[in-house]
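Examination of the molecular architecture
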Amino acid sequence: MLAIYARTSNSKLNKNDYSIEDQIKNGISLANSLGLKYEVFSDIGISGTNPDRPQLMELLKQIKKQKITHVYAYDQSRIERDLTIWALFSGECINKSVEVYFGDKKIELNDAQSMFYANLMSLINNLYAKITSQKVKSANRLKVLNGKTHGIKALGIGRDENNNFVEIIDESKIVKEVFESSLKGVGIYEIANQLTKKGYTTKSGNTKWSGSTVDGILKNKIYKGEFWFDRNNKENRVCYKLSFQIIDENLFDKIQQIRSNNSIKSGPKNKYNYLLENKIFCSECGGIHNYVGMHKPSSRTSIYRCKNRNHQVQIECKESMNLTIKKFDTFIVNLIFKSNVLEEVL
(Lines give C-alpha, C1' and ligand atoms only; values in the text may rest on other atoms or scores of the structure.)
Protein backbone atom coordinates (compact mmCIF):
# COMPACT_ATOMS: atom_id res chain seq x y z
CA MET A 1 0.00 0.00 0.00
CA LEU A 2 1.34 3.43 -1.02
CA ALA A 3 0.48 6.31 1.32
CA ILE A 4 0.16 9.63 -0.52
CA TYR A 5 0.80 12.47 1.92
CA ALA A 6 -0.21 15.96 0.79
CA ARG A 7 -0.07 19.21 2.75
CA THR A 8 -0.57 22.92 2.18
CA SER A 9 0.28 25.67 4.63
CA ASN A 10 -2.02 28.55 5.54
CA SER A 11 0.51 31.18 4.51
CA LYS A 12 -0.84 33.44 1.79
CA LEU A 13 2.72 34.63 1.17
CA ASN A 14 3.72 31.15 0.04
CA LYS A 15 2.28 31.53 -3.47
CA ASN A 16 4.42 28.67 -4.79
CA ASP A 17 2.75 26.13 -2.51
CA TYR A 18 1.80 23.09 -4.58
CA SER A 19 -1.96 22.40 -4.60
CA ILE A 20 -3.39 19.40 -2.74
CA GLU A 21 -4.97 18.14 -5.96
CA ASP A 22 -1.69 18.20 -7.90
CA GLN A 23 0.22 16.54 -5.05
CA ILE A 24 -2.33 13.71 -4.93
CA LYS A 25 -2.38 13.38 -8.73
CA ASN A 26 1.39 12.86 -8.82
CA GLY A 27 1.16 10.34 -5.98
CA ILE A 28 -1.47 8.34 -7.86
CA SER A 29 0.76 8.34 -10.91
CA LEU A 30 3.60 6.84 -8.84
CA ALA A 31 1.26 4.23 -7.34
CA ASN A 32 0.18 3.15 -10.82
CA SER A 33 3.78 2.91 -12.04
CA LEU A 34 4.69 0.74 -9.04
CA GLY A 35 1.52 -1.36 -9.36
CA LEU A 36 0.40 -0.48 -5.83
CA LYS A 37 -2.90 0.41 -4.23
CA TYR A 38 -2.89 3.79 -2.53
CA GLU A 39 -4.44 5.73 0.35
CA VAL A 40 -4.47 9.53 0.60
CA PHE A 41 -3.56 11.46 3.75
CA SER A 42 -3.89 15.25 3.46
CA ASP A 43 -3.52 18.12 5.94
CA ILE A 44 -4.83 21.42 4.60
CA GLY A 45 -3.75 24.79 5.94
CA ILE A 46 -1.27 23.44 8.52
CA SER A 47 2.36 24.45 8.88
CA GLY A 48 5.09 21.87 8.37
CA THR A 49 6.53 22.87 11.75
CA ASN A 50 3.32 21.82 13.49
CA PRO A 51 3.50 18.24 14.84
CA ASP A 52 -0.24 18.15 15.59
CA ARG A 53 -1.34 17.22 12.09
CA PRO A 54 -4.23 14.72 12.19
CA GLN A 55 -3.48 13.05 8.86
CA LEU A 56 0.28 12.84 9.44
CA MET A 57 -0.44 11.21 12.82
CA GLU A 58 -2.79 8.78 11.11
CA LEU A 59 -0.13 7.99 8.52
CA LEU A 60 2.44 7.23 11.25
CA LYS A 61 -0.14 5.06 12.99
CA GLN A 62 -0.70 3.03 9.80
CA ILE A 63 3.07 2.66 9.34
CA LYS A 64 3.37 1.28 12.88
CA LYS A 65 0.65 -1.25 12.09
CA GLN A 66 2.63 -2.21 8.95
CA LYS A 67 -0.31 -1.41 6.66
CA ILE A 68 1.86 0.97 4.62
CA THR A 69 4.82 -0.23 2.57
CA HIS A 70 5.55 2.93 0.56
CA VAL A 71 5.15 6.67 1.23
CA TYR A 72 4.95 9.43 -1.37
CA ALA A 73 5.19 13.19 -0.86
CA TYR A 74 5.82 15.92 -3.43
CA ASP A 75 8.96 16.89 -1.53
CA GLN A 76 10.41 16.61 1.98
CA SER A 77 8.90 19.92 3.07
CA ARG A 78 5.41 18.40 2.73
CA ILE A 79 6.32 15.94 5.49
CA GLU A 80 8.18 18.37 7.74
CA ARG A 81 9.86 21.67 8.35
CA ASP A 82 11.10 20.53 11.74
CA LEU A 83 13.97 18.20 12.74
CA THR A 84 11.98 16.39 15.43
CA ILE A 85 9.20 15.47 13.01
CA TRP A 86 11.74 14.31 10.42
CA ALA A 87 13.52 12.14 13.00
CA LEU A 88 10.24 10.50 14.01
CA PHE A 89 9.03 9.96 10.44
CA SER A 90 12.32 8.63 9.06
CA GLY A 91 12.83 6.45 12.16
CA GLU A 92 9.43 4.79 11.77
CA CYS A 93 10.01 4.21 8.06
CA ILE A 94 13.40 2.62 8.72
CA ASN A 95 12.02 0.41 11.52
CA LYS A 96 9.16 -0.86 9.35
CA SER A 97 11.21 -1.04 6.10
CA VAL A 98 8.95 1.50 4.37
CA GLU A 99 10.16 2.92 1.04
CA VAL A 100 9.95 6.71 0.79
CA TYR A 101 9.56 8.75 -2.40
CA PHE A 102 9.85 12.51 -2.68
CA GLY A 103 8.57 13.31 -6.13
CA ASP A 104 9.78 10.52 -8.44
CA LYS A 105 12.99 10.01 -6.45
CA LYS A 106 13.32 7.15 -3.96
CA ILE A 107 15.06 8.18 -0.73
CA GLU A 108 17.52 5.60 0.61
CA LEU A 109 16.99 6.07 4.36
CA ASN A 110 19.57 3.40 5.21
CA ASP A 111 22.26 5.11 3.14
CA ALA A 112 24.49 7.42 5.20
CA GLN A 113 24.99 9.96 2.41
CA SER A 114 21.28 10.10 1.56
CA MET A 115 20.37 10.62 5.22
CA PHE A 116 22.99 13.37 5.50
CA TYR A 117 21.34 15.27 2.63
CA ALA A 118 17.88 14.57 4.05
CA ASN A 119 18.88 15.92 7.47
CA LEU A 120 20.47 18.95 5.79
CA MET A 121 17.24 19.52 3.86
CA SER A 122 15.32 19.33 7.15
CA LEU A 123 17.47 22.16 8.52
CA ILE A 124 16.82 24.20 5.36
CA ASN A 125 13.08 23.53 5.61
CA ASN A 126 13.09 24.66 9.23
CA LEU A 127 14.96 27.87 8.33
CA TYR A 128 12.53 28.54 5.48
CA ALA A 129 9.56 28.12 7.85
CA LYS A 130 11.04 30.63 10.30
CA ILE A 131 11.76 33.17 7.56
CA THR A 132 8.24 32.77 6.17
CA SER A 133 6.79 33.22 9.66
CA GLN A 134 8.72 36.47 10.06
CA LYS A 135 7.46 37.71 6.68
CA VAL A 136 3.87 36.89 7.58
CA LYS A 137 4.22 38.68 10.92
CA SER A 138 5.69 41.77 9.26
CA ALA A 139 2.92 41.80 6.65
CA ASN A 140 0.22 41.46 9.32
CA ARG A 141 1.78 44.25 11.38
CA LEU A 142 1.64 46.54 8.34
CA LYS A 143 -2.02 45.61 7.81
CA VAL A 144 -2.88 46.59 11.38
CA LEU A 145 -1.04 49.91 11.05
CA ASN A 146 -3.22 50.61 8.00
CA GLY A 147 -6.39 49.58 9.82
CA LYS A 148 -6.85 46.32 7.91
CA THR A 149 -7.84 42.94 9.31
CA HIS A 150 -5.90 39.69 9.15
CA GLY A 151 -6.41 36.11 10.24
CA ILE A 152 -9.37 34.84 12.23
CA LYS A 153 -11.51 37.59 13.71
CA ALA A 154 -13.23 37.55 17.10
CA LEU A 155 -16.92 36.70 17.47
CA GLY A 156 -18.95 39.68 16.27
CA ILE A 157 -16.08 41.06 14.17
CA GLY A 158 -15.73 40.66 10.42
CA ARG A 159 -14.29 42.47 7.43
CA ASP A 160 -15.73 44.19 4.37
CA GLU A 161 -14.60 43.99 0.75
CA ASN A 162 -11.78 46.45 1.52
CA ASN A 163 -10.52 44.36 4.46
CA ASN A 164 -11.76 46.89 7.02
CA PHE A 165 -13.15 45.91 10.43
CA VAL A 166 -16.96 45.66 10.56
CA GLU A 167 -19.46 44.52 13.17
CA ILE A 168 -21.43 41.32 12.54
CA ILE A 169 -24.74 42.13 14.24
CA ASP A 170 -26.00 38.54 14.73
CA GLU A 171 -22.75 37.56 16.44
CA SER A 172 -22.32 40.78 18.43
CA LYS A 173 -25.70 40.11 20.09
CA ILE A 174 -24.15 36.99 21.64
CA VAL A 175 -21.14 39.00 22.82
CA LYS A 176 -23.43 41.55 24.50
CA GLU A 177 -25.38 38.74 26.15
CA VAL A 178 -22.13 37.29 27.56
CA PHE A 179 -21.14 40.64 29.10
CA GLU A 180 -24.63 41.28 30.50
CA SER A 181 -24.72 37.84 32.13
CA SER A 182 -21.28 38.37 33.64
CA LEU A 183 -22.36 41.74 35.04
CA LYS A 184 -25.27 39.96 36.77
CA GLY A 185 -22.80 37.66 38.50
CA VAL A 186 -23.25 34.58 36.32
CA GLY A 187 -20.05 32.50 36.13
CA ILE A 188 -18.29 31.69 32.88
CA TYR A 189 -19.21 27.99 33.00
CA GLU A 190 -22.89 28.73 33.56
CA ILE A 191 -22.82 31.28 30.73
CA ALA A 192 -21.25 28.60 28.52
CA ASN A 193 -24.04 26.16 29.42
CA GLN A 194 -26.69 28.77 28.62
CA LEU A 195 -25.17 29.55 25.22
CA THR A 196 -24.94 25.83 24.42
CA LYS A 197 -28.60 25.28 25.34
CA LYS A 198 -29.66 28.18 23.11
CA GLY A 199 -27.86 26.60 20.16
CA TYR A 200 -25.45 29.47 19.59
CA THR A 201 -22.24 28.68 17.74
CA THR A 202 -18.73 29.87 18.53
CA LYS A 203 -16.59 31.69 15.96
CA SER A 204 -15.09 28.33 14.97
CA GLY A 205 -18.57 26.84 14.45
CA ASN A 206 -18.66 24.73 17.62
CA THR A 207 -22.10 24.40 19.23
CA LYS A 208 -20.65 23.33 22.60
CA TRP A 209 -19.35 26.33 24.52
CA SER A 210 -16.63 26.16 27.16
CA GLY A 211 -15.80 28.42 30.09
CA SER A 212 -12.47 29.33 28.52
CA THR A 213 -14.22 30.50 25.33
CA VAL A 214 -16.53 32.74 27.37
CA ASP A 215 -13.60 34.09 29.39
CA GLY A 216 -11.75 34.80 26.15
CA ILE A 217 -14.65 36.99 25.03
CA LEU A 218 -14.82 38.83 28.34
CA LYS A 219 -11.15 39.84 28.27
CA ASN A 220 -10.83 40.65 24.55
CA LYS A 221 -10.19 44.40 24.21
CA ILE A 222 -11.43 44.42 20.63
CA TYR A 223 -14.96 44.66 22.01
CA LYS A 224 -14.22 48.08 23.47
CA GLY A 225 -12.72 49.16 20.17
CA GLU A 226 -9.03 48.28 20.61
CA PHE A 227 -7.26 45.76 18.37
CA TRP A 228 -3.82 44.80 19.65
CA PHE A 229 -1.16 43.15 17.51
CA ASP A 230 1.83 41.40 19.10
CA ARG A 231 0.75 42.79 22.48
CA ASN A 232 3.40 40.90 24.46
CA ASN A 233 6.19 42.57 22.50
CA LYS A 234 6.61 45.91 24.28
CA GLU A 235 8.83 47.36 21.55
CA ASN A 236 6.80 46.41 18.46
CA ARG A 237 3.20 45.97 19.66
CA VAL A 238 0.54 47.97 17.84
CA CYS A 239 -2.89 49.15 18.98
CA TYR A 240 -5.44 50.12 16.32
CA LYS A 241 -8.61 51.97 17.33
CA LEU A 242 -11.70 50.59 15.63
CA SER A 243 -14.41 52.94 14.37
CA PHE A 244 -16.99 51.16 16.55
CA GLN A 245 -17.44 49.54 19.97
CA ILE A 246 -19.55 46.46 20.65
CA ILE A 247 -19.20 46.93 24.43
CA ASP A 248 -19.10 50.28 26.18
CA GLU A 249 -15.65 50.96 27.63
CA ASN A 250 -17.02 51.53 31.18
CA LEU A 251 -18.86 48.19 31.10
CA PHE A 252 -15.77 46.42 29.73
CA ASP A 253 -13.57 47.83 32.51
CA LYS A 254 -16.16 46.89 35.14
CA ILE A 255 -16.15 43.29 33.90
CA GLN A 256 -12.33 43.19 34.12
CA GLN A 257 -12.58 44.23 37.76
CA ILE A 258 -15.10 41.43 38.40
CA ARG A 259 -12.77 38.94 36.70
CA SER A 260 -9.84 40.19 38.78
CA ASN A 261 -11.81 39.88 42.05
CA ASN A 262 -12.93 36.35 41.17
CA SER A 263 -9.33 35.40 40.43
CA ILE A 264 -8.20 36.68 43.83
CA LYS A 265 -10.96 34.77 45.62
CA SER A 266 -10.16 31.49 43.90
CA GLY A 267 -6.45 31.83 44.65
CA PRO A 268 -3.55 30.61 42.53
CA LYS A 269 -3.72 27.16 40.98
CA ASN A 270 -1.21 24.55 41.99
CA LYS A 271 1.43 24.10 39.32
CA TYR A 272 3.03 20.74 38.82
CA ASN A 273 6.24 20.15 36.93
CA TYR A 274 6.64 16.66 35.52
CA LEU A 275 9.94 15.14 34.44
CA LEU A 276 8.75 13.60 31.16
CA GLU A 277 5.84 15.84 30.21
CA ASN A 278 5.71 16.43 26.43
CA LYS A 279 8.68 14.09 26.00
CA ILE A 280 6.79 10.81 25.51
CA PHE A 281 5.57 9.63 22.09
CA CYS A 282 2.22 7.85 21.84
CA SER A 283 2.54 4.54 19.99
CA GLU A 284 -1.23 4.24 19.49
CA CYS A 285 -2.15 7.51 17.74
CA GLY A 286 1.37 8.49 16.68
CA GLY A 287 1.19 11.74 18.65
CA ILE A 288 4.51 13.57 18.90
CA HIS A 289 5.38 14.69 22.45
CA ASN A 290 1.76 13.91 23.24
CA TYR A 291 1.85 12.70 26.86
CA VAL A 292 1.09 15.34 29.49
CA GLY A 293 1.06 15.13 33.28
CA MET A 294 -2.27 15.16 35.09
CA HIS A 295 -2.76 15.55 38.84
CA LYS A 296 -5.80 13.78 40.28
CA PRO A 297 -6.56 15.21 43.74
CA SER A 298 -9.39 12.71 44.29
CA SER A 299 -7.04 9.73 44.16
CA ARG A 300 -3.90 11.63 45.20
CA THR A 301 -2.06 10.24 42.20
CA SER A 302 -0.58 11.79 39.08
CA ILE A 303 -0.48 10.21 35.64
CA TYR A 304 0.90 10.78 32.16
CA ARG A 305 -1.90 10.63 29.59
CA CYS A 306 -2.03 11.08 25.82
CA LYS A 307 -3.60 14.43 24.90
CA ASN A 308 -5.74 12.72 22.26
CA ARG A 309 -7.41 10.40 24.77
CA ASN A 310 -11.00 11.26 25.72
CA HIS A 311 -10.66 14.62 23.99
CA GLN A 312 -12.54 16.31 21.17
CA VAL A 313 -9.85 15.92 18.54
CA GLN A 314 -9.89 14.57 15.01
CA ILE A 315 -7.83 11.52 16.02
CA GLU A 316 -9.19 10.09 19.24
CA CYS A 317 -6.75 7.85 21.09
CA LYS A 318 -8.77 5.26 23.00
CA GLU A 319 -6.20 2.50 23.42
CA SER A 320 -3.23 4.41 24.91
CA MET A 321 -2.13 3.56 28.46
CA ASN A 322 -2.09 5.89 31.43
CA LEU A 323 1.31 5.88 33.12
CA THR A 324 1.61 6.42 36.87
CA ILE A 325 4.10 9.29 37.11
CA LYS A 326 5.83 8.20 40.32
CA LYS A 327 6.48 4.66 39.06
CA PHE A 328 7.38 5.63 35.49
CA ASP A 329 9.75 8.46 36.45
CA THR A 330 11.48 6.20 38.97
CA PHE A 331 11.86 3.49 36.32
CA ILE A 332 13.42 5.93 33.82
CA VAL A 333 15.81 7.46 36.37
CA ASN A 334 16.94 4.01 37.54
CA LEU A 335 17.40 2.93 33.93
CA ILE A 336 19.65 5.94 33.22
CA PHE A 337 21.92 5.25 36.17
CA LYS A 338 22.06 1.46 35.69
CA SER A 339 22.92 1.77 31.99
CA ASN A 340 25.74 4.29 32.67
CA VAL A 341 24.20 6.65 30.09
CA LEU A 342 24.50 9.63 32.42
CA GLU A 343 28.18 8.88 33.08
CA GLU A 344 28.91 8.74 29.33
CA VAL A 345 27.12 12.03 28.67
CA LEU A 346 28.88 13.83 31.51
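Above this note sits the structure.
Residues numbered from 1 in each chain as written. Predicted model: local features only at pLDDT ≥ 70, side-chain atom pairs only at ≥ 80, totals over all residues. Heavy atoms only, no water.

**Side note on unusual backbone geometry**
Put simply, the rule is: For helices the rule is a DSSP run of H or I covering at least 4 residues; for strands it is a run of E covering at least 2, with both sets numbered from the N terminus onward.
Positive phi values are uncommon outside glycine, yet Gln66 reaches one of about 60 degrees. Among the secondary structure elements, Gln66 is positioned in the loop between α2 (54–64) and β3 (70–73). Although it is not a glycine, Asn163 adopts a positive phi angle of roughly 70 degrees. Mapped onto the elements of the fold, Asn163 is located in the loop between β6 (157–159) and β7 (165–167).

**Focus: the pattern of salt bridges**
Basically, it comes down to this: Here, a salt bridge means any Lys or Arg side-chain nitrogen found within 4 Å of an Asp or Glu carboxyl oxygen.
All chains considered together, the criterion is met by eight salt bridges. The salt bridge partner of Lys64 is Glu92, with a shortest N-O separation of 2.7 Å. Note that Lys64 is positioned in helix α2 and Glu92 in helix α4 (residues 83–95), a separation of 28 residues in sequence. A salt bridge links Glu226 to Lys241, with the shortest nitrogen-to-oxygen separation between them at 3.0 Å. Of this pair, Glu226 sits in strand β8 (residues 226–229) while Lys241 is found in strand β9 (residues 238–241), placing the two residues 15 residues apart along the sequence.

**A closer look at the side chain of Glu177**
Our working definition: Here's how the labels work: a residue is buried when its accessible area is under 20% of the maximum for its type, exposed when over 50%, partly exposed in between, all with a 1.4 Å probe on protein chains only. Within 3.5 Å is the distance limit for a polar contact, defined as a pair of N or O atoms, with the added protein rule that one can donate a hydrogen and the other accept it, and that residues adjacent in sequence qualify only through two side-chain atoms. Contacts: residue pairs with any heavy atoms within 4.5 Å of one another.
The topology assignment puts Glu177 in helix α6 (residues 169–183). Residue classification places Glu177 among the buried positions, given a relative accessible area of 18%. Of note is the side chain of Glu177, whose polar atom sits 2.5 Å from the side chain of Lys198. Here Glu177 is in contact with Leu195, Lys198 and Tyr200, once residues within four sequence places are set aside.

**Notes on the environment of Thr324**
Relative to the helices and strands, Thr324 resides in strand β12 (residues 323–324). Overall, the relative accessible area of 35% leaves Thr324 in the partly exposed class. Note: C-alpha distance between Thr324 and Thr301 (23 residues apart in sequence) is 7.5 Å. Apart from residues no more than four positions distant in its own chain, Thr324 is found in contact with Ser302 and Ile303.

**Digging into the sheet that holds strand β1 (residues 2–8)**
Here is the rule: Strand pairing is defined by DSSP finding a minimum of two bridges between the two strands. The angle between two axes is taken between their N-to-C directions and runs from 0 to 180 degrees, where each axis is a line fitted to C-alpha atoms and a helix contributes only its stretch in contact.
The mixed open sheet is built from five strands, whose spatial order is β2-β1-β3-β4-β5. The open sheet has two edge strands, β2 (38–44) and β5 (105–107), and neither has a second partner. Taken over all neighbouring pairs, the strand axes of this sheet differ in orientation by 25 degrees on average, direction set aside. Examined bridge by bridge, β3 and strand β4 (residues 99–102) share four bridges and lie parallel to one another. Its bridge partner being in β4, Val71 is matched across the sheet by Val100. Helix-sheet contacts for helix α1 (residues 20–34) involve β1, β2, β3 and β4, and the interaxial angle to β1 is about 165 degrees. Relative to the sheet, α2 contacts β1, β2 and β3, its axis offset from that of β2 by approximately 150 degrees.

**With respect to the packing of α6 against helix α7 (residues 188–197)**
Put simply, the rule reads: By convention the crossing between two helices is left-handed if the near helix lies anticlockwise of the far one by an angle smaller than a right angle, and right-handed if it lies clockwise. Any residue outside Ala, Val, Leu, Ile, Met, Phe, Trp, Tyr, Cys, Pro, Asp, Glu, Lys and Arg is labelled polar, Gly included; the first ten of those are nonpolar and the last four are charged.
Running from N to C, α6 and α7 cross one another at 140 degrees; their axes reach a closest spacing of 10 Å. Considering only the axes of α6 and α7, their crossing is right-handed. Contact with α6, carried on its side by Ile174, Glu177, Val178, Ser181 and Ser182, involves Ile191, Gln194 and Leu195 of α7 and no other residues of that element. Its residues assigned to classes, the contact of α6 with α7 shows four nonpolar, three polar and one charged.

**Concerning a nonpolar patch on the surface**
What counts, and what does not: Patch criteria: residues need more than 30% relative accessible area and no salt bridge. Like-charged residues are merged within 9 Å; nonpolar side chains of Val, Leu, Ile, Met, Phe, Trp and Tyr are merged within 5 Å. Exposure was quantified through the Shrake-Rupley algorithm and a 1.4 Å probe, taking into account, for residues, occlusion by the shown protein chains and nothing else.
A cluster of nonpolar residues, Leu83, Phe116, Tyr117, Leu120, Met121, Leu123 and Ile124, forms a patch on the protein surface that exposes about 670 Å² of accessible area. When residues in the nonpolar patch are grouped by element, the largest group, six residues, is from helix α5 (residues 112–145). Locating Leu123 in the fold gives a position in helix α5.

**Section: α4**
Note the following rule: The span one expects for a helix is its residue count, reduced by one, times 1.5 Å.
Helix length check: α4, at 13 residues, gives a terminal C-alpha distance of 18 Å against a target of 18 Å (1.5 Å per residue), a fit within 8%. Among all positions of α4, only Ile85, Trp86, Leu88, Phe89, Ser90, Glu92 and Cys93 are buried. Here α4 starts with a cap whose side-chain oxygen sits 3.0 Å from the backbone nitrogen of Thr84, and that cap is Asp82. Once α4 ends, the next one or two residues include Ser97, with phi positive near 55 degrees.

**Comments concerning the packing of aromatic side chains**
We apply this condition: In this scheme Phe, Tyr and Trp rings, the latter by its six-membered ring, pair at centre separations within 6.5 Å, and the angle between planes marks the pair as stacked below 30 degrees, edge-to-face above 60, and tilted otherwise.
Applying the stated rule across the entire model yields seven aromatic pairs. Where Trp86 meets Phe102, the ring centres are 6.3 Å apart and the plane angle is 45 degrees; that geometry is what we call tilted. Taken together, the positions of Trp86 in helix α4 and Phe102 in strand β4 put the pair 16 residues apart, joining distant regions of the chain. Relative accessible area serves as the criterion here: at 12%, Phe102 is assigned to the buried category. Residues Phe179 and Tyr223 carry aromatic rings whose centres are separated by 6.3 Å and whose planes lie at 75 degrees to one another, so their mutual orientation is edge-to-face. Of this pair, Phe179 sits in helix α6 while Tyr223 sits in the loop between α8 (211–218) and β8; the two residues are 44 residues apart in sequence, bridging distant segments of the chain. A residue is classified by how much of its surface remains accessible, and Tyr223, at 1% relative accessible area, is buried.

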